[in-house]
Amino acid sequence: MDIFGILSMIGGLALFLYGMEAMGAGLSKLSGGRMERLLEKLTSKRIMAVLLGAGVTAVIQSSSATTVMVVGFVNSGIMKLNQAVGIIMGANIGTTITSWLLSLTGIQGSSFILKMLKPSSFSPILAIVGIIFIMFTKDEKKKDIGSIFLGFAILMYGMEAMSGAVAPLADNEKFTGILTMFSNPILGLLAGTILTAVIQSSSASVGILQALCATGAVNFSTALPIIMGQNIGTCVTAIISSIGTSKNAKRAAAVHLFFNISGTVIFMVVFYTLNTFVHFSFLNTAASPAGIAVIHSLFNIGATILLFPFANLLEKMAILAIPDKGSEVEEMEEEKINPDLARLDERFLDKPGFAMEECRGVAINMARKSKKAMNLAIDLLKEYDEKTSARVEKLENQIDQYEDALGTYLVKLSERDLSVKDSRILSVLLHCIGDFERISDHAVNIRDAAVEMNKKNLQFSDKAKKELLVFSNAIRDIIDRAVLAFETGDTGLAKEVEPLEQVVDALNKEEKQRHINRLRTGTCTIELGFVLSDISTNFERAADHCSNIAVCLLQVDEGGFDTHEYLDILKEENSEEFRHEYMELSEKYALPESKHGGK
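Residues numbered from 1 in each chain as written. Predicted model: local features only at pLDDT ≥ 70, side-chain atom pairs only at ≥ 80, totals over all residues. Heavy atoms only, no water.

1. With respect to the overall build of the protein chain
Across its full length, the protein chain holds 27 helices and 0 strands. Taking all 599 residues of the protein chain together, 51% fall into the buried category. Once local pairs closer than 6 in sequence are excluded, the contacts in the protein chain between residues at least 24 apart make up 80%. Total accessible area on the protein chain is roughly 27900 Å²; 60% of this is exposed by carbon and sulfur atoms. (Helix = DSSP H or I, 4+ residues; strand = E, 2+ residues; numbered from the N terminus. Buried < 20%, exposed > 50% of the residue type's maximum accessible area, 1.4 Å probe, protein only. Contact = heavy atoms within 4.5 Å. Areas by Shrake-Rupley, 256 points an atom, 1.4 Å probe, with all protein chains shown as cover.)

2. Description of the nonpolar core
Grouped together as the largest cluster of nonpolar side chains are 109 residues, with contacts concentrated most on M374, F436, F460, I475 and F486. A total of 15 residues in this core trace back to one element, the largest contributor, which is helix α19 (residues 352-382). Not counting residues up to four positions away in its chain, the partners in contact with F486 are R360, A363, I364, A367, V428, L429, C432, F436, I549 and L553. (Core = buried A, V, L, I, M, F, W, Y, C linked by side-chain atoms within 4.5 Å.)

3. Overview of the side chain of E501
Inspection of the secondary structure puts E501 in helix α24 (residues 497-521). Dropping the residues within four chain positions of it, E501 is found in contact with I478, E540, A543, D544 and S547.

4. Brief notes about the environment of P185
Tracing the backbone shows P185 in helix α11 (residues 185-199). By relative accessible area, which is 25% here, P185 ends up partly exposed. C-alpha of P185 to C-alpha of M268: the two residues are 83 residues apart in sequence and 8.1 Å apart in space. If we skip the residues at most four places from it in the chain, P185 touches P225, M268 and Y272.

5. Description of a nonpolar patch on the surface
A cluster of nonpolar side chains, I178, M181, I186, L187, L190, I194 and V198, forms an exposed patch at the surface whose accessible area comes to about 670 Å². Counting residues per element, the ones that place at least two in the nonpolar patch are α10 (173-181) and α11. Element by element, the count of residues in the nonpolar patch is highest for α11, at 5 residues. Using a relative accessible area of 35% as the deciding quantity, one classes L187 as partly exposed. (Patch = residues over 30% accessible without salt bridge, like charges linked within 9 Å, V, L, I, M, F, W, Y side chains within 5 Å. Salt bridge = Lys/Arg side-chain N within 4 Å of Asp/Glu carboxyl O.)

6. What about the packing of aromatic side chains?
In this structure the tally under the stated criterion is 13 aromatic pairs. Pairing F122 with F152 gives two aromatic rings, centres 5.9 Å apart and planes at 15°, and the pair type is stacked. Of this pair, F122 sits in helix α8 (residues 119-136) while F152 is found in helix α9 (residues 140-166), placing the two residues 30 residues apart along the sequence. Each member of the pair, F122 as well as F152, is classed as buried. Arranged with centres 5.7 Å apart and planes meeting at 65°, the rings of F220 and F282 form a pair that is edge-to-face. You can see F220 sitting in helix α13 (residues 220-233) and its partner F282 sitting in the loop between α15 (247-278) and α16 (289-307), a full 62 residues away along the chain. (Phe/Tyr/Trp six-rings, centres within 6.5 Å; stacked < 30°, edge-to-face > 60°.)

7. Overview of the pattern of salt bridges
A complete count under the given rule lists 15 salt bridges for this structure. Across the pair D379 and R476 runs a salt bridge whose closest N-O atoms are separated by 2.8 Å. Here the residue D379 occupies a position in helix α19, and R476 occupies one in helix α22 (residues 462-488), the gap between them amounting to 97 residues. R476 sits in the buried class, given a relative accessible area of 18%. Among the salt bridges present, the one from R481 reaches E581, with a minimum N-O distance of 3.7 Å. Highlighted residues: R481 in helix α22 and E581 in helix α27 (residues 575-588), separated in sequence by 100 residues. Salt bridges linked by common partners bring D477, R481, E496, E581 and K588 together as one network.

8. Structural notes on the confidence of the model for the protein chain
Predicted confidence across the protein chain gives a mean pLDDT of 83, with 88% of residues reaching 70 or more. Every residue in residues 594-599 scores below 50 in pLDDT, and together they form 8 contacts with partners more than four places removed in sequence or on other chains. (pLDDT = per-residue confidence, 0-100.)

9. What to know about the layout of surface pockets
Size it by volume and the largest pocket reaches roughly 1000 Å³. Lining the largest pocket we find 45 residues, and of these E21, G24, A25, D350 and K351 sit closest to its centre. Mapped onto the lining of the largest pocket, the elements with two or more residues apiece are α1 (3-31), α4 (63-76), α9, α12 (202-212), α14 (235-241) and α19. A total of 10 residues in the lining of the largest pocket trace back to one element, the largest contributor, which is α1. Its residues assigned to classes, the lining of the largest pocket comprises 17 nonpolar, 19 polar and 9 charged. (1 Å grid on protein atoms, 1.4 Å probe; cavity = no way out; pocket = protein on both sides within 12 Å on 5 of 7 lines; lining within 4 Å. Points joined across faces, edges and corners; volume = space filled by probe spheres on them. Nonpolar A, V, L, I, M, F, W, Y, C, P; charged D, E, K, R; others polar.)

10. What to know about α15
The α-helix winds at 3.6 residues per turn, so residues separated by three or four positions along the chain end up facing the same way. With 32 residues, α15 should cover 46 Å at 1.5 Å per step; its first-to-last C-alpha distance of 45 Å lies within 8% of that length. Immediately beyond the C-terminal end of α15, within one or two residues, lies H279, with a positive phi of roughly 55°. (Expected span 1.5 Å × (residues − 1).)

11. Overview of the packing of helix α3 (residues 46-60) against helix α5 (residues 81-94)
Two packed helices can be described by the angle between their axes and the distance between those axes. Packing of α3 against α5 leaves a shortest axis separation of 6 Å and a crossing angle of 40°. Between α3 and α5, the angle falls in the class oblique. For the element pair α3 and α5, the recorded crossing hand is right-handed. For the pair α3 and α5, contact is made by R46, A49, V50, G53, A54, T57 and A58 and by N82, Q83, G86, I87, M89, G90, A91, I93 and G94, respectively. (Axes fitted to C-alpha atoms, helices over the stretch in contact; angles between N-to-C directions. Parallel < 35°, antiparallel > 145°, perpendicular 65-115°, else oblique. Left-handed = near helix turned anticlockwise from the far one by under 90°.)

12. Focus: the packing of α19 against helix α20 (residues 386-414)
At a closest axis distance of 9 Å, the pairing of α19 and α20 adopts a crossing angle of 155°. Viewed along their axes, α19 and α20 adopt a mutual orientation that is roughly antiparallel. Every pair of crossing elements has a handedness; the one defined by α19 and α20 is left-handed. Partitioning the contact of α19 with α20 into residue classes produces 19 nonpolar, 5 polar and 4 charged.

Put into structure tokens, the structure is as follows:
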């Protein structure tokens, strides 16, 4: 092979690897995190976990990606170790689909149907359809399908280019000598392990082996141990991803390694022992792409069937390899991990659709905690309790952690290739988490007012208590609406927030005016007046943040973001509806004396 042949082979390999990556990315984006969500939810039965692992891996075309996701699931506490074992077994089966697709390059025949099944015939059609979808359609799903088609076409062109470049090596004695050396089971096993560990994809390394079959110099005696090694080499990706994770996540990577090593050792010992007596004749025949796919599939399916009853033993081996004993400092650090924030695992960033779903789930929990903090703070105004006071502060500290973790994670996620839908969700989350954090800050301020009243033994007048009850009910209502709209993405509910926010503004002004009137008549003290003013101001500002959340949901849904301008438009375009809603809510939350026209 001359320099031009080497360049052709390297170019073919580059196209092959890029096509595989592009096709996998397109499949992952099209699924929008649904495949990963299935893995998360439907793994209670081990046989179901195996089937799901196989199905998901077949779709995303990467067992490494599946096992890395599993490590992330276990690390974040979403999945238990015993659930992960089944998925890991299934992933090894699912990855065989790629070898069958690549085996189409070996189809021979003169009939029209057989010719159309050859990648060199149908790949150009897929490439044309793919590029049309990418360049001339606006529908995002069609663009993703186009990426899949184009990726597959590039993959197949790369495969053909590699096969064509190495074909002249069939008559090269040095090359055939090297391949003959790998027919030694140990050397072949090491070669397959190292190759797969370097490129971190068993599908890609199997594809390279299938391309080498074009030389006719690759016998099954050479291919078989290399395939065994490829199954061990693919474990490297999961092992690398488990660095710095929890012990259970490391154990998940260890289960993957032990499963593949056990299957390989058992297969090779049994096969080569039998071969010494039976002398399998097919070992000396030239391997074909389809033959490689058959061996790859039989081994992985056979290993899963054989080791499935011993899944618990694999789990125990992993626990023995990575024992529970650790330093007290490590254990204390582990206890401080918020299970919710652990869901924001950086391994999920490679699957942006799923990562966005996790972010949204965490943000919803943050919103609920913010609502809870405000409700508890309001309860303290009625009846002070030290435990409730401490809970408000604890919730606020947790919400601060949520904002920091979510903000950092979302910025990283924004750098990935997101769908239009996910980009909108990201925009909403980035805008809203700050508002939820501020609501919890106002809850703490209200708690502080309750603490001051308790320490100084201050009491509002009966009239002031009744007015605060109405005011606090309006605040509970507006937060309920904002949080529910955020959870469900209901724009209709989001539109109901602004009229209520206007009512809260009016209540704040009227409450302060009434306080001034009570000061004039001597029925209220200046000290209580400061406390009441603080409470009213924090109520009103919390309502402002609810308005920000609602407006964000509405604006992002319509593709823009200018809060003040949008509020003006909202009031003008829906003036009659807005006024009607405002009047109803004003009546519902009228201060007690207002109903009789008094102050």
